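Chains, contacts and geometry: an overview
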4 protein chains.
Amino acid sequence: MKSKKIAIVGASGYSGEVLVQLLLSHPHAELAAVTSRQNAGQTLAQVFPKFASHPKSGAIRFTEPKVEVLAKQADVVFLALPHGVAAEFAAPLLNVGCVVIDLSADFRLKSGERYKEFYGHEHPAPDLLGKSVYGLPEVYREQIRKALLVASPGCYPTSILLPTIPLLQDGLIKSSGIIADSLSGVSGAGRKAETEYLFCECNESARPYGVPKHRHLSEIEEQLSVAAKTAVTIQFTPHLIPVNRGILTTLYLELAEPVSGEGISACYEKHYGHEPFVRLLEGKQLPDTKNVAGTNVIEIAWRLDPRTGRLIVMSAEDNLVKGASGQAVQSMNLICGFPETAGLV
Amino acid sequence: MKSKKIAIVGASGYSGEVLVQLLLSHPHAELAAVTSRQNAGQTLAQVFPKFASHPKSGAIRFTEPKVEVLAKQADVVFLALPHGVAAEFAAPLLNVGCVVIDLSADFRLKSGERYKEFYGHEHPAPDLLGKSVYGLPEVYREQIRKALLVASPGCYPTSILLPTIPLLQDGLIKSSGIIADSLSGVSGAGRKAETEYLFCECNESARPYGVPKHRHLSEIEEQLSVAAKTAVTIQFTPHLIPVNRGILTTLYLELAEPVSGEGISACYEKHYGHEPFVRLLEGKQLPDTKNVAGTNVIEIAWRLDPRTGRLIVMSAEDNLVKGASGQAVQSMNLICGFPETAGLV
Amino acid sequence: MKSKKIAIVGASGYSGEVLVQLLLSHPHAELAAVTSRQNAGQTLAQVFPKFASHPKSGAIRFTEPKVEVLAKQADVVFLALPHGVAAEFAAPLLNVGCVVIDLSADFRLKSGERYKEFYGHEHPAPDLLGKSVYGLPEVYREQIRKALLVASPGCYPTSILLPTIPLLQDGLIKSSGIIADSLSGVSGAGRKAETEYLFCECNESARPYGVPKHRHLSEIEEQLSVAAKTAVTIQFTPHLIPVNRGILTTLYLELAEPVSGEGISACYEKHYGHEPFVRLLEGKQLPDTKNVAGTNVIEIAWRLDPRTGRLIVMSAEDNLVKGASGQAVQSMNLICGFPETAGLV
Amino acid sequence: MKSKKIAIVGASGYSGEVLVQLLLSHPHAELAAVTSRQNAGQTLAQVFPKFASHPKSGAIRFTEPKVEVLAKQADVVFLALPHGVAAEFAAPLLNVGCVVIDLSADFRLKSGERYKEFYGHEHPAPDLLGKSVYGLPEVYREQIRKALLVASPGCYPTSILLPTIPLLQDGLIKSSGIIADSLSGVSGAGRKAETEYLFCECNESARPYGVPKHRHLSEIEEQLSVAAKTAVTIQFTPHLIPVNRGILTTLYLELAEPVSGEGISACYEKHYGHEPFVRLLEGKQLPDTKNVAGTNVIEIAWRLDPRTGRLIVMSAEDNLVKGASGQAVQSMNLICGFPETAGLV
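In this report, we go over the structure that sits alongside the text. (Residues numbered from 1 in each chain as written. Chains lettered and ligands numbered in written order. Predicted model: local features only at pLDDT ≥ 70, side-chain atom pairs only at ≥ 80, totals over all residues. Heavy atoms only, no water.)

Let us look at the overall build of chain A. Looking only at helices and strands, chain A has 11 helices and 14 strands in total. Against the 2.2 N^0.38 benchmark of 20 Å for 345 residues, chain A shows a C-alpha radius of gyration of 20 Å, consistent with a compact globule. Counting the 345 residues in chain A, one finds 63% classified as buried. Put simply, of all contacts in chain A between residues at least 6 apart along the chain, 69% involve residues at least 24 apart. When the accessible surface of chain A is totalled, it reaches about 11,700 Å², and 50% of it is carbon and sulfur. (Helix = DSSP H or I, 4+ residues; strand = E, 2+ residues; numbered from the N terminus. Rg over C-alpha atoms; globule rule 2.2 N^0.38 Å. Buried < 20%, exposed > 50% of the residue type's maximum accessible area, 1.4 Å probe, protein only. Contact = heavy atoms within 4.5 Å. Areas by Shrake-Rupley, 256 points an atom, 1.4 Å probe, with all protein chains shown as cover.)

Rendered as structure tokens:
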């Protein structure tokens, strides 16, 4: 299999770090360049002591991000940058022929207007919005294979969309009244030196935030609307809990019409029975973030509540892997023609 | 103020431990006896090193629980026992003239049948069900003052009932469609040597459990039905998160008819504006378990979501204090004629 | 008992917060003023939601720290400021007649030279060094009663000095070869928005730091030298562990000459048998930070190792209470003529 | 490379679980059988949901441990059993031609007497004590290659021996006066349903235990004595801290004679410069358990303290990987002729 050269722009945050980890041990991809304004000049081993035992970690040095240089170094470029900044790199990188996989929110929406509503500023490259593919392989696998620009989904959206889309597509649930209640580990906030994310502010704490209009709602609703073939508005409450990694989402769904448990099972089995990274739990098992930490797997379980008639669906994922960098590598594998599971567990 | 003598039956679990702590430092109550089968013969100081600096901790010794002895030692007896066992002690203690404050589920329901449905066995003392008062002081203050048998509420029920009852009583929300999503610290599971509550099984883990029919639903729905003056069925999903103390509950509520934010505020202000242990958050503040840990306070905040029309209410409490032992002491204060806040912060 | 008015300068860090908590509930002291540059204008309730249920929290407002104003408001002023800054406030406050209890390192050393060696800058008020009393009540109780300027000890020093000083004073251990190995909760680093103290950097982490010459060595060695009546140099290794509160110190000591366990017990009993905040553990008990969290107690246990001939002494304290603010309040109680344990548990 | 068939006896504890994880993804070893009395009949996927996405997890079923069956299934058998029990399996398995890698303490000592002193019972198979090889590849690599019975080292011993042995072998430090102070994550206690390891008993807690004569002292001292060519007695204090994975050890060592920093560096470089799993930290870096979690790497750093003349050496490892199962797989790789790093990161 022909190996590909890969660059990561903005490799000093938590997603960037996991990208480095996955790409260093990837059987077909070769990590060729990492950039970071703050760490420019240092080696991977110096910035991330945990990777120092990898033979390449002393040889790869962070540089300032420069498009012309990246163009020569890499076939595929991951952008692990804040939203707004990512868009500035995408266009020039595409112009020089790189495939771009963006982990920010910049290319996840189809409408610049909606972007502005949720992100508070004009989209920096609105003409690219129509060209990006939403990087959820279980839904857009074929489009991703051919994509030049992948908008890798957010961590909350992944945990909500994967359990919900099959039910909407098959008409098992109503498109209205959807409620998503999510718990996120602190790495979801990024490696930002802010008081509210200090150990003592998060440990022994559980708290909601961003209520009632979190930014991720925009891409969640856009994708649910596609699946439902009608405009979907949902309720979404994120909470911060004291774990490093993981998102646990509980979904409250209304059935379109009465359905048996077998019906739900059959739906999930049809959509995900052969998906390598979707684990449909059986029997009494319920999702647990510790069972997916460090992996690209999302666990899904569901319960029909005969008392309320509602369908409760629960999912667990690692926010930095299936919710970010692992899923982005999954897209890379598709684009590069590697086995979809290469370098992922 | 005349001091009262207090006994705790079953003082070796987490609730029992917090009861000991609160009563050792209570200005008017005198901790006179503690019982525990497993610790009989040992002093408080030996069983709980953290209390060893209290002058009385070396003098108070755990005994086997015997009604006739307790009758002579105590005016008020707290039962911190498993459900089913508590009921066996209540009747004889009442017969010998003790006031009984029960922290188990045994006297929280009015119907033995519903008890059997949720707890799986016949109620051991069904004739007492009609005599107990549900120990939620913000709702049943006057009844508690005169009670001989208080059924102190569960931790989840407290976190759900206090934010919801005023809205139901004032007709601001529908009695149908209520969803309660709760996160609990691990102390809620009690001091039980079970594999699933080991440090390594809970740390770096977030998981739902008891879906969809948790036992606490029975008392939650019974109390909500009283407030709504109609039968209420709710959706309730408890989750276990890696904190010692605290419950964070997020409630999804449907408005009865459009209401302004001022209307919601006015309702809460009317019901709780003078409550010493209900903290209505203002401005941008949202509940956080770390702000109530170790206190008898419940924090409540709410948001109207113009996108969905729903009312989101969030609460935070310490599951062992306002959710258990602190609230039980609050009832004791009412019964004994002490200031309601005595010995509580 | 005549109440005293108290001010806290720099009340927005973790020590300041615990001072606020202790003083709000103190039976004899009246919290009259709190200052903080960053929070000036806000109430206690706004800055610390956890105190919002206290009746005074809405009335006390943070101000800019101004000596002339503080002089009118307070009899006793606590300084909870960074070292270097504290010294600038002490002299003017003393001049206007306030008693000053300083929680920084500024007045803990007797020599300006040693201060410069360890803190890297000239001492801002060297003439005051001779006037301060080291605020370790178990050692300097009588001097503290009469002090105008108290240098409240650091958290590590308290955990090392209290177990070691009696043994040195009684000549049971050698003054050479002392090793102190300490584990600290993250609150010891203060409420500073620095990457290394983020939740994800501290959780699931244990690490040494400041090896081999931590600043606190200066005051530890100065006080041990006083006790030993000879210059003492020790080995000290601090570690950061993922707990909010607590220091656990393990001391490796060489016996001056063979001694029985009874001899060690007798020494500690003589020095600390009546100390309200020193808990000498018995039997098989060993210190545990969870047993002292939130209290002003230090736990001490020891073991003679017949295999090595060494004496191992272990202590546990809450770094923010006995290691900082609680101990400072203990000094305040002594100075003000309050019961030494007033407002402390 | 010829693949080998592997069995794990006692695969339901934490070490067993990590063995399963490592062997499922090993490029040359084939996990052929797992045994567990309590889980017999269940599949790997049922017992460990986290492995359920591995294609073999549904096919491998736990069985009762039977030697004759294991003999047919496996070339190499890992014993992840309690001490005392492991020895009972070793002899019959060796007799039927299996290579045995034992993770218990049963074959780590050369003397049955010393075993009895530390483990409290007669050794069940004393004749095998002379035949086992201590499975520390960095020290006994060549012997391991030829071993039929490997005694894989304990977690604490690994963290102490690897940093200390080179210094003793090269005569840089005295063999007397060695002090090892260690912090361990809770997984070190195993998956045992005991109250003291419950989440709420370990979270927000730091505590010493097993002072002053922990069982691991026996193998630590035996191996240090070999390195020093004289009997070595050390001081060792283990502590429990609230992390899942990791041991952080701080060693206090006396120099044999004055040595420069270059001398220490040269010693470590000579012994470990080419070791794939020993990471010698440079510059200001100090060990941190989070940088080795999930890997087979041990981090080592050291500081000469000019004030005391002592050498401080610090190490960090994952207690379940380099401290147990990873190291055991490293031995398996040597025995089977696989690359030493195969299947390990």
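This part covers unusual backbone geometry. All names here are of chain A. Residues Val211 and Pro212 are joined by a peptide bond in cis, for which omega reads 0 degrees. Mapped onto the secondary structure, Pro212 falls in the loop between β9 (207-208) and α9 (217-228). Located in the positive-phi region is Lys229, a residue other than glycine, with phi close to 55 degrees. Along the chain, Lys229 falls in the loop between α9 and β10 (235-240).

Another point: the relation of the copies chain C and chain A. Mapping chain C onto chain A leaves a residual RMSD of 0.0 Å; the transformation is a rotation of 180 degrees accompanied by 0.0 Å of translation along its axis. Such values leave the two copies arranged in the relation of a two-fold axis. A symmetric contact is evident, with 100% of the interface residues of chain C recurring at the interface of chain A. (Least-squares fit on C-alpha atoms with pLDDT ≥ 70 in both.)

Often the size quoted for an interface is simply the accessible area lost on bringing the parts together. Contact with chain C, which involves 19 residues of that partner, is made by 19 residues of chain A. Between chain C and chain A, the buried area comes to about 1,600 Å², and carbon and sulfur atoms account for 62% of it. At the junction of chain C with chain A, the criterion picks out two salt bridges. A salt bridge links Glu201 of chain A to Arg191 of chain C, with the shortest nitrogen-to-oxygen separation between them at 3.3 Å. Counting across the interface, chain C meets chain A through eight residue pairs in polar contact (both at pLDDT 80 or more). Of all the elements, helix α8 (residues 199-202) of chain C adds the most residues to the side of chain C that touches chain A, at four residues. A class-by-class count of the residues in the side of chain C that touches chain A yields 10 nonpolar, four polar and five charged. (Buried area = accessible area lost by both parts, 1.4 Å probe. Salt bridge = Lys/Arg side-chain N within 4 Å of Asp/Glu carboxyl O. Polar contact = N/O pair within 3.5 Å; in protein donor to acceptor, adjacent residues only side chain to side chain. Nonpolar A, V, L, I, M, F, W, Y, C, P; charged D, E, K, R; others polar.)

What follows is about the packing of helix α7 (residues 155-169) of chain C against helix α11 (residues 321-336) of chain C. Relative placement of two packed helices is described by the angle separating their axes and the distance separating the axes. Residue and element names in this part refer to chain C. For the pair α7 and α11, the least separation of the axes is 8 Å and the interaxial angle reads 100 degrees. Accordingly, the angle class assigned to the pair α7 and α11 is roughly perpendicular. Contacts from Cys155, Thr158 and Leu162 in α7 reach Lys322, Gly323 and Gln327 in α11. Residues that form the contact of α7 with α11 fall into these classes: two nonpolar, three polar and one charged. (Axes fitted to C-alpha atoms, helices over the stretch in contact; angles between N-to-C directions. Parallel < 35°, antiparallel > 145°, perpendicular 65-115°, else oblique.)

This next bit is on the pairing of strand β5 (residues 99-102) of chain A. Residues and elements named next belong to chain A. Here β5 shows no split at all, with Val99 and Ile101 on one side and Val100 and Asp102 on the other all buried. Sheet topology note: the strand β4 (residues 76-79)/β5 ladder contains four bridges and is parallel. Bridging from a neighbouring strand, Val77 pairs with Val100 of β5. For the handedness criterion, the β-α-β arrangement of β4, helix α4 (residues 85-95) and β5 is classed as right-handed. (Pairing = 2+ DSSP bridges. Right-handed = clockwise from strand over helix to strand, strands pointing away.)

Take the sheet that holds β10 of chain A next. Backbone-to-backbone hydrogen bonds pair the strands of a sheet. The strands run either parallel or antiparallel. Residue and element names in this part refer to chain A. Read across the open sheet, the seven strands follow the order β9-β10-β8-β11-β14-β13-β12; overall the sheet is mixed. Each of the sheet's edge strands pairs with one partner strand only, and the pair in question is β9 and β12 (278-280). When strand β13 (residues 298-304) meets strand β14 (residues 310-317), the two strands line up antiparallel, connected through six bridges. Bridging across to β14, Ile300 finds its partner in Ser315.

Once that is clear, we can look at helix α1 (residues 14-24) of chain B. Within α1 of chain B, nine of the 11 residues are buried, which leaves it mostly tucked inside the rest of the structure. Buried residues of α1 of chain B: Tyr14, Gly16, Glu17, Val18, Leu19, Val20, Leu22, Leu23 and Leu24 of chain B, and no others.

The next point concerns the side chain of Asn203 of chain B. The residue Asn203 of chain B is located in the loop between α8 (199-202) and β9 (207-208) in this model. By relative accessible area, which is 5% here, Asn203 of chain B ends up buried. One polar contact links Asn203 of chain B to Glu204 of chain C, side chain to side chain, over a distance of 2.8 Å. Among all residues touching Asn203 of chain B, those that are not within four sequence positions of it are Pro242 of chain B, Glu204 of chain C together with Phe199, Val243 and Asn244 of chain D.

Right, let's get into the interface of chain A and chain B. Counting residues at the interface gives 46 residues for chain A, matched by 46 residues for chain B. For the pairing of chain A and chain B, the buried interface totals around 3,700 Å² over both sides, and the portion due to carbon and sulfur atoms is 56%. For the pair chain A and chain B, the number of links is five salt bridges. A salt bridge links Asp288 of chain B to Arg207 of chain A; the shortest N-O distance between them is 3.9 Å. The interface formed by chain A and chain B holds 22 residue pairs in polar contact (both at pLDDT 80 or more) in total. Considering every element that reaches the side of chain A that touches chain B, the biggest residue donor is strand β8 (residues 179-184) of chain A, with four residues. Partitioned by chemical class, the residues of the side of chain A that touches chain B number 22 nonpolar, 10 polar and 14 charged.

What follows covers the packing of helix α7 (residues 155-169) of chain B against helix α9 (residues 217-228) of chain B. All names here are of chain B. As a packed pair, α7 and α9 sit with axes 9 Å apart at the nearest point and diverge in direction by 15 degrees. Taken together, α7 and α9 sit at an angle that is classed as roughly parallel. Crossing hand, α7 versus α9: right-handed. Contacts from Pro157, Ile160, Leu161, Thr164, Ile165, Leu168 and Gln169 of α7 reach α9 at Glu219, Ile220, Gln223, Leu224, Ala227 and Ala228. Of the residues contributing to the contact of α7 with α9, the split by class is nine nonpolar, three polar and one charged. (Left-handed = near helix turned anticlockwise from the far one by under 90°.)

Turning our eyes to something else, we now look at empty space enclosed by the protein. Counted according to the given criterion, the structure contains three cavities of 30 Å³ or more. Lining the largest cavity are Phe199, Asn203 and Pro242 of chain A, Phe199, Asn203 and Pro242 of chain B, Phe199, Asn203 and Pro242 of chain C together with Phe199, Asn203 and Pro242 of chain D. Its residues assigned to classes, the lining of the largest cavity comprises eight nonpolar, four polar and no charged. Taken as a whole, the second largest cavity spans an internal volume of roughly 70 Å³. Gly177, Ile179, Tyr252, Glu254 and Arg310 of chain A together with Gly177, Ile179, Tyr252, Leu253, Glu254 and Arg310 of chain B are the residues that line the second largest cavity. Every element with two or more residues in the lining of the second largest cavity is listed here: β11 (247-254) of chain A together with β11 (247-254) of chain B. Here the lining of the second largest cavity takes three residues from β11 of chain B, the largest share from any one element. (1 Å grid on protein atoms, 1.4 Å probe; cavity = no way out; pocket = protein on both sides within 12 Å on 5 of 7 lines; lining within 4 Å. Points joined across faces, edges and corners; volume = space filled by probe spheres on them.)

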